[in-house]
Amino acid sequence: MSDQIKFIVDNLNKEPFRKNYNLITFDSLEPMQLLQILNDVLAEIDPKQVVDIREEMPEHTAKRMLSLLGILKYKPPGNATDMSTFRQGLVIGSKPVIYPVLHWLLQRTNELKKRAYLARFLIKLEVPSEFLQDETVADTNKQYEELMEAFKTLHKECEQLKTSGFSTAEIRRDISAMEDEKDQLIKRVERLKKRVETVQNHQRMLKIARQLRVEKEREEFLAQQKQEQKNQLFHAVQRLQRVQNQLKSMRHTAADAKPESLMKRLEEEIKFNSYMVTEKFPKELESKKKELHFLQKVVSEPAMGHSDLLELESNINEINTQINQLIEKKMMRNEPIEGKLSLYRQQASIISRKKEAKAEELQEAKEKLASLEREVSVKTNQTREFDGTEVLKGDEFKRYVSKLRSKSTVFKKKHQIIAEFKAEFGLLQRTEELLKQRHENIQHQLRTIEEKKGISGYSYTQEELERVSALKSEVDEMKGRTLDDMSEMVKKLNSLVSEKKSALAPVIKELRQLRQKCQELTQECDEKKSQYDSCAAGLESNRSKLEQEVRGLHEECLQEESRYHYTNCMIKNLEVQLRRATDEMKAYVSSDQQEKRKAIRQQFTKNIAEQENLGKKLREKQKAVRESHGPNMKQAKMWRDFEQLMECKKQCFLKQQSQTSIGQRNLLGTNISCFEETFI
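None of the values given here were measured: they were computed from a predicted structure.

## Overview of the overall build of the protein
Inference 1: Helices and strands together make up the secondary structure of the protein, namely 17 helices and 0 strands.
Inference 2: A burial count over the protein gives 11% of its 680 residues as buried.
Inference 3: For the protein, the proportion of contacts with a sequence separation of at least 24, taken over those separated by at least 6, is 58%.

## Regarding unusual backbone geometry
Inference 1: The backbone of Asn 20 sits at a positive phi, close to 60°, despite the residue not being glycine.
Inference 2: Assignment of secondary structure puts Asn 20 in the loop between helix H1 (2-13) and helix H2 (23-27).
Inference 3: The class for Asn 20 is exposed, based on a relative accessible area of 69%.
Inference 4: In this model, Lys 73 sits at a positive phi of 65°, which is unusual for a non-glycine residue.
Inference 5: Its location among the elements puts Lys 73 in the loop between helix H4 (58-71) and helix H5 (80-92).
Inference 6: Under the relative-accessibility criterion, Lys 73 is labelled partly exposed at 36%.

## Topic: H4
Inference 1: The terminal C-alpha atoms of H4, which comprises 14 residues, lie 20 Å apart, in line with the 20 Å expected from a rise of 1.5 Å per residue.
Inference 2: Of all the positions in H4, only Thr 61, Ala 62, Arg 64, Met 65, Leu 68 and Leu 69 are classed as buried. All buried residues of H4 project into a common sector of 165° when viewed along the axis, lining one side. In H4, the exposed residues that point more than 90 degrees away from the buried face are Glu 59 and Lys 63.
Inference 3: Just downstream of H4, Lys 73 is the residue with a positive phi angle, here 65°.

## Here's the deal with the side chain of His 103
Inference 1: With respect to the element layout, His 103 can be found in helix H6 (residues 95-107).
Inference 2: Excluding its chain neighbours within four sequence positions, the residues that come into contact with His 103 are Gln 4, Phe 7 and Ile 8.

## Here's the deal with H1
Inference 1: Between its terminal C-alpha atoms H1 stretches 17 Å, which fits the 16 Å expected from 12 residues at 1.5 Å a residue.
Inference 2: Those residues of H1 that fall on the buried side of the exposure criterion are Gln 4, Ile 5, Ile 8, Val 9, Asn 11 and Leu 12. Angularly, the buried residues of H1 cover 170° about the axis, an arc narrow enough to put them on a single face. In H1, those exposed residues whose orientation departs by more than 90 degrees from the buried face are Ser 2 and Asp 3.

## Quick word on the pattern of salt bridges
Inference 1: Applying the stated criterion across every chain yields a total of 13 salt bridges.
Inference 2: As a salt-bridge pair, Asp 40 and Lys 19 come within 3.3 Å of each other at their nearest N and O atoms. Taken together, the residues Asp 40 in helix H3 (residues 31-45) and Lys 19 in the loop between H1 and H2 connect sequence positions 21 residues apart.
Inference 3: Among the residues examined, Asp 40 registers a relative accessible area of 24% and is labelled partly exposed.
Inference 4: Its relative accessible area of 27% is what places Lys 19 among the partly exposed residues.
Inference 5: Between Glu 361 and Lys 358 there is a salt bridge, and its shortest N-O distance comes to 3.8 Å. A residue pair is termed a helical-turn pair when its members lie 3 or 4 positions apart in one helix, as Glu 361 and Lys 358 do in helix H13 (residues 336-387) at 3 residues.
Inference 6: By relative accessible area, which is 45% here, Glu 361 ends up partly exposed.

## Structural notes on a nonpolar patch on the surface
Inference 1: A cluster of nonpolar side chains, Trp 639, Phe 642, Leu 645 and Met 646, forms an exposed patch at the surface whose accessible area comes to about 440 Å².
Inference 2: By the element assignment, Met 646 lies in helix H17 (residues 600-679).
Inference 3: The class for Met 646 is partly exposed, based on a relative accessible area of 39%.

## Brief notes about the environment of Leu 266
Inference 1: Structurally, the position occupied by Leu 266 is in helix H11 (residues 259-300).
Inference 2: Those residues in contact with Leu 266 that lie beyond four places of it in its chain are Glu 540 and Arg 543.

## Quick notes on the environment of Asn 245
Inference 1: Within the secondary structure, Asn 245 sits in helix H10 (residues 202-255).
Inference 2: As for Asn 245 and Ser 377, which are separated by 132 residues in sequence, their C-alpha atoms are 8.1 Å apart.

## A word on the packing of aromatic side chains
Inference 1: The final tally for this structure, using the stated rule, is 7 aromatic pairs.
Inference 2: Geometrically, the ring pair formed by Tyr 117 and Phe 121 is edge-to-face, given 5.3 Å between the ring centres and 70° between the ring planes. With Tyr 117 and Phe 121 both in helix H7 (residues 109-122) and 4 residues apart, this pair spans about one turn of that helix.
Inference 3: Its relative accessible area of 39% is what places Tyr 117 among the partly exposed residues.

## Thoughts on a positive patch on the surface
Inference 1: Together, Lys 187, Arg 188, Arg 191 and Arg 195 make up a positively charged patch on the protein surface.
Inference 2: Mapped onto the fold, Lys 187 is located in helix H9 (residues 168-197).

## What about the side chain of His 155?
Inference 1: As for its position among the elements, His 155 is in helix H8 (residues 135-163).
Inference 2: Those residues in contact with His 155 that lie beyond four places of it in its chain are Lys 114 and Leu 118.

## Focus on a negative patch on the surface
Inference 1: On the surface, a cluster of negative charge is made up of Glu 179, Asp 180, Glu 181 and Asp 183.
Inference 2: Examined against the element boundaries, Glu 179 turns out to sit in helix H9.

## Examining the nonpolar core
Inference 1: Leu 12, Phe 26, Leu 38, Leu 72, Leu 102 and Leu 105 are the most contacted members of the largest nonpolar core, which has 32 residues in total.
Inference 2: Sorting the residues of this core by element identifies H1, H3, H4, H5, H6 and H7 as the ones contributing at least two each.
Inference 3: The biggest single contributor to this core is H6, with 8 residues.
Inference 4: Apart from the residues within four sequence positions on either side, Leu 72 is in contact with Ile 45, Trp 104, Leu 105, Leu 112, Arg 115 and Ala 116.

## Some words on the confidence of the model for the protein
Inference 1: Summing up the model confidence of the protein, the mean pLDDT is 79 and the portion of residues at 70 or higher is 87%.
Inference 2: Segment residues 670-680: pLDDT under 50, and 0 contacts once partners within four positions in sequence are set aside and those in other chains are kept.

## Observations concerning the state of the cysteines
Inference 1: Under the definition given, this model contains 0 disulfides.
Inference 2: Here Cys 648 stays unpaired: no disulfide links it, and the sulfur of Cys 652, its closest cysteine neighbor, is 6.6 Å away.
Inference 3: Overall, Cys 648 belongs to the partly exposed group, its relative accessible area being 47%.

Rules and cut-offs
Per-chain numbering applies: the sequence of each chain, read as written, is numbered from 1 onward. Since the coordinates come from a predicted model, pLDDT governs what is reported: local features require at least 70, and pairs of side-chain atoms require 80 or more to be given and counted, while whole-chain, interface and lining totals use all residues. Calculated side-chain values reflect all of the structure's heavy atoms, with hydrogen atoms and water omitted. Counting from the N terminus, the helices are DSSP H or I runs at least four residues long and the strands are E runs at least two residues long. Under the scheme applied here, a residue whose accessible area is under 20% of the maximum for its type counts as buried, over 50% as exposed, and between as partly exposed, the area being computed with a 1.4 Å probe on protein chains only. Pairs of residues are marked as contacts when any of their non-hydrogen atoms sit within 4.5 Å. Take the number of residues in a helix, subtract one, and multiply by 1.5 Å to get its expected span. Comment: arc refers to directions from the helix axis out to C-beta atoms. By definition, a salt bridge exists where a carboxyl oxygen of Asp or Glu is found within 4 Å of a side-chain nitrogen of Lys or Arg. Exposure above 30% relative accessible area and no salt bridge define the residues that can form patches, which grow by joining like charges within 9 Å and nonpolar side chains of Val, Leu, Ile, Met, Phe, Trp and Tyr within 5 Å. All accessible-area figures derive from a Shrake-Rupley calculation using a 1.4 Å probe, and residue coverage is judged against the displayed protein chains alone. When two rings of Phe, Tyr or Trp (its six-membered ring) have centres within 6.5 Å they constitute a pair, described as stacked for plane angles under 30 degrees, edge-to-face for angles over 60, and tilted for the intermediate range. His is not counted here, nor are the chain ends, while Lys and Arg score as positive and Asp and Glu score as negative. Where a charge sits is defined by one atom per residue type, namely NZ (Lys), CZ (Arg), CG (Asp) or CD (Glu). The term nonpolar core refers to a set of buried residues drawn from Ala, Val, Leu, Ile, Met, Phe, Trp, Tyr and Cys, joined through side-chain atoms within 4.5 Å. Per residue, pLDDT captures the predictor's confidence, and it can take any value from 0 to 100. When the sulfur atoms of two cysteines come within 2.5 Å, that pair is taken as a disulfide.

As structure tokens, then:
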């Protein structure tokens, strides 16, 4: 406590208070003076608190100080009963209450100044909901909230600039350096002008140089613009490809579709979108707003310590125990109607949860589908850039897969046949090698025999003659055979052509008729398709118009309904007020004294008179207490001095008694020793 008082006195003696107190004079201050000091400290934090408390009612002073301390987040020690004692002590200027408040305020004056400044702009005015029904009030409240958010952002930016490290001295230094550089550049330009003036046609050269610089800048600008246009073209091409893919998919889906199925699909989409807009999104928006409000509240509060967290945990535990007790009481009642309603409520909550879960799953599936479509479009663009071919889709891809399967089976069969041929080729190659070796051996033996007989080369020449004769005969046969074959082939081809012509004549006639029919059907299909497209576009435009009309009528209905409820509430309030006013007039006009006493005016006048009498008595009592305060303090001091005097007398008396007892003991010892000596 003494350290606390010393800290308070030291800070009050400094700027801006300069009170020139010491510990004794500060401790001897009266309650009114202590309250004035507390008010001066609060006025230093918030200039609106500059008030002379002698000219203000004590209740107003206490209320003003308590509201400011609440804004500054001051937490008095103790529970609710201690809070009531704190308020009473603040009213009467009690030292055990004022000293901790002064110590807390003087410890963090700069921080509290900032908080008090922000409180002027960030404490939100709560407007009743019935007043927000008015459009002007609602718009003003919305504008007020937007200005508050703008103030928050500006204040954060200002604080960041203050703490960013930029000082005015550094900025001035940079400005002076830039001015020096500017002067140097001006001097350099003047020197260059003087040099250029001696050159012939310098004006023309300067003009050309200026034009060159302008053209270079324009070239850079055009290059940049060209790059931007390329990027825009690339994005436009990608967008066109996505739209074309969407158009293909829509045409593919709408090829076999009927108007009934399309309307059914559109109704399902409208139901899903209306559910998302009317039920799911408002709930999510409300939860996000609550979370944002809670986070803003957490940010605006000061940093919590370990003691604050423990206090919050204890409050949470108390609230949880109260909730459990209430649940147990409700279960003990066990009302049958509530039990049935609880079953229905549980079923309804389960169904709503399932509905929300399915809606979330559908939304996730749609987002996943959209992302996959984007990936597919990117991949198709990449493949088109690499190969220049389009990616197959749907039935085309299925046909391609079936072709691949059939080709793979054919490939397997051919591969098996090739393997058999390779094995047979290996065997034949081996036999050929063996036969060649045997032929070489026989030829070698034949040569040796011819050399022995003296007719070397006979076998070779004979073989050559046989080979040439065989070749001649084969060529002759080939010539005769080819002539016969060619004549027969010509005859066959002529006969086949005539047969095919005769066979194809009716087919060609039918084909011509079918071609004419095909052209007519394609024309009719195009006409029907254009009619269908125009009808679908008209239905789509009518549907959008109807949706807009329904949405506008729904909004008008909601506005009229809210206006109706608001007017009903106002009528009921006015009826109640009118009824009370008529009752009051009847009671005031009636001659019966009892009814006059029941009137509100009489009651309020009576209460006002009682309160005025009570205020007079309290002022008289306060005056008496102030007048008797000095003599009472002197009397209390005299009693304390008297108590100290009596205490000193008591101590002296006790010391005297102890000394007399010690002397009696010594005397008794000497008598005994003398008696023993005489006896001996």
